[in-house]
Amino acid sequence: MLRGEITTAIRRALMQELAAVGYGRLSIEAVARRAGVSKTAVYRRWNSKLDLVLEVVAAAAGGRLPALDTGSLRGDLSLLFQVVAHALGHPLASQIIPDLLAEAARNPTIDETLQRVLRARQQEVAGELIARAVRRGELPADTDPDAAVDLIVGPLYWRIAIARTSISDSYLETLVESVALALGAQDTVPRQRSVPGPG
């Protein structure tokens, strides 16, 4: 394999192994075996399993999202919820996230990294969604961005990652409307005032 292919294989193997056995039982040897490479190939890139896990998980959390600007708050929420539901519902994510959160309670380094990466991601995505809605006049100018982000991210995460309940399209539609109303959204996007023409 080429150097880039080896790194990709190790990252993929790490996610699979983490989902299968959890952080506590994870070993570099098992990751290397699953990736089809030597332990040396892993240690050449990462000093420890902690470094490997933190880098790969941070990269996954920071992955690119599709543009979420649909022109309305409800449209943005609907698209965001669909993307998040798909990501959190992935078999690997549904195994890895609860395990890492439990590990974070015992490991300050994991805790600090997860807090930094996930909070930054939430602020980047949901925070900008809120800012656009405020600019469009759909949300009050004094909308608290931190509370709004928690309200957007929290219910879906709870249902998928904690309660482990399936998500239907009708549930997502209900959630969109519930969150929009809880944020104080107007029913529709305000019309722009037309400027009278000459004469």
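Residues numbered from 1 in each chain as written. Predicted model: local features only at pLDDT ≥ 70, side-chain atom pairs only at ≥ 80, totals over all residues. Heavy atoms only, no water.

## A few points about the overall build of the protein chain
As a reminder of what qualifies: Per the convention used, a helix needs a DSSP run of H or I reaching at least four residues, while a strand needs a run of E reaching at least two, with both numbered from the N terminus. A 1.4 Å probe rolled over the protein chains alone gives each residue an accessible area, and that area as a share of the maximum for its type sets the label: buried under 20%, exposed over 50%, partly exposed in between. The criterion used for residue contact is that any of the two residues' heavy atoms lie within 4.5 Å. Methods summary: accessible areas were calculated by the Shrake-Rupley approach with a probe of 1.4 Å, and residue burial reflects only the protein chains presented.
Regarding its fold elements, the protein chain presents 9 helices and 0 strands. Helices and strands appear in the protein chain in the N-to-C order α-α-α-α-α-α-α-α-α. Across the 199 residues of the protein chain, 37% fall into the buried class. Restricting the contact set of the protein chain to residue pairs at least 6 apart, pairs at least 24 apart contribute 67%. Total accessible area computed for the protein chain in this model is approximately 11500 Å², and 54% of it derives from carbon and sulfur atoms.

## Examining the environment of glutamine 122
Position of glutamine 122 among the secondary structure elements: in helix H7 (residues 108-136). Separated by 30 residues in sequence, glutamine 122 and isoleucine 152 have C-alpha atoms that sit 9.3 Å apart.

## Focus on the nonpolar core
For the record, the criterion: Put simply, a nonpolar core is a bunch of buried Ala, Val, Leu, Ile, Met, Phe, Trp, Tyr and Cys residues held in one set by side-chain atoms that sit within 4.5 Å of each other.
Counting 29 residues, the largest nonpolar core has Ile10, Leu14, Leu18 and Leu52 as the members making the most contacts within it. Looking at this core, the elements with two or more residues in it are helix H1 (3-25), helix H2 (28-35), helix H3 (39-43), helix H4 (49-61), helix H6 (91-104) and H7. The dominant element in this core, judged by the number of residues it contributes, is H1, at 9 residues. Setting aside residues no more than four positions away along its own chain, leucine 52 makes contact with Ile10, Leu14, Ile28, Val31, Val42 and Trp46.

## Topic: the packing of aromatic side chains
Aromatic rings in a pair are described by how distant their centres are and how their planes are angled relative to each other. Put simply, the rule is: Pairing of aromatic rings covers Phe, Tyr and the six-membered ring of Trp, with a centre-to-centre limit of 6.5 Å; geometry is then stacked below 30 degrees between planes, edge-to-face above 60, and tilted otherwise. Two thresholds decide whether a charge sits over a ring: the Lys NZ or Arg CZ must be within 6 Å of the ring centre and within 35 degrees of the ring normal.
Counted according to the given criterion, the structure contains 0 aromatic pairs. We note lysine 49 situated over the ring of tyrosine 23; from NZ or CZ to the ring centre the distance is 4.4 Å. For the cation-ring pair, arginine 159 lies above tyrosine 171, with the distance from its terminal atom to the ring centre recorded as 4.0 Å.

## Looking at the environment of glutamate 29
With respect to the secondary-structure elements, glutamate 29 resides in helix H2. Classification of glutamate 29 by relative accessible area gives partly exposed; the value is 37%. Along the backbone, glutamate 29 and lysine 49 are 20 residues apart, and their C-alpha atoms lie at a distance of 9.9 Å.

## Structural notes on H2
All of the buried residues in H2 are Ile28, Ala30, Val31, Ala32 and Ala35. Where H2 is buried, its residues contact H1, H3 and H4. Just past H2, the residue glycine 36 takes up positive phi, approximately 75°.

## Some remarks on the environment of glutamate 128
With respect to the element layout, glutamate 128 can be found in helix H7. Separated by 17 residues in sequence, glutamate 128 and proline 145 have C-alpha atoms that sit 9.2 Å apart. Excluding anything up to four places from it in sequence, glutamate 128 contacts Gln123 and Arg135.

## A word on the packing of helix H5 (residues 73-89) against helix H9 (residues 169-182)
Spelled out, the test is: Every axis corresponds to a line fitted to the C-alpha atoms, with the helix fit spanning only the stretch in contact, and the corresponding angles, defined between N-to-C directions, vary from 0 to 180 degrees. If an angle is under 35 degrees, it is roughly parallel; if it is over 145, roughly antiparallel; if it lies from 65 to 115, roughly perpendicular; otherwise it is oblique. By definition, turning the near helix anticlockwise from the far helix through less than a right angle yields a left-handed crossing, and turning it clockwise yields a right-handed one. Gly falls in the polar group here, along with every residue not listed as nonpolar (Ala, Val, Leu, Ile, Met, Phe, Trp, Tyr, Cys, Pro) or charged (Asp, Glu, Lys, Arg).
In contact at an axis separation of 9 Å, H5 and H9 are set at 130° when each is read in the N-to-C sense. Here H9 runs oblique to H5, going by the angle between their axes. Two packed elements cross with a definite hand, and for H5 against H9 that hand is right-handed. Between H5 and H9, the residues in contact are Leu73, Arg74, Leu77, Ser78, Phe81 and Gln82 and Leu172, Leu175, Val176, Glu177, Val179, Ala180 and Leu181, respectively. Of the residues that constitute the contact of H5 with H9, the class distribution is 9 nonpolar, 2 polar and 2 charged.

## Looking at the side chain of arginine 132
The topology assignment puts arginine 132 in helix H7. Judged by relative accessible area, arginine 132 falls into the buried class, the value being 12%. Sequence-distant contacts of arginine 132, defined by excluding residues within four places in its chain, comprise Leu68, Asp69 and Asp76.

## Points about the confidence of the model for the protein chain
Where we set the bar: pLDDT is defined as a per-residue confidence score from the predictor, taking values between 0 and 100.
Overall, the predicted model of the protein chain reaches an average pLDDT of 85, with 90% of residues at or above 70. At the level of individual helices and strands, the protein chain shows its lowest average pLDDT in H6, which scores 83, and its highest in H2, which scores 95. Counting contacts from residues 189-197, a segment whose pLDDT is below 50, to residues more than four positions away or on other chains yields 6 contacts.

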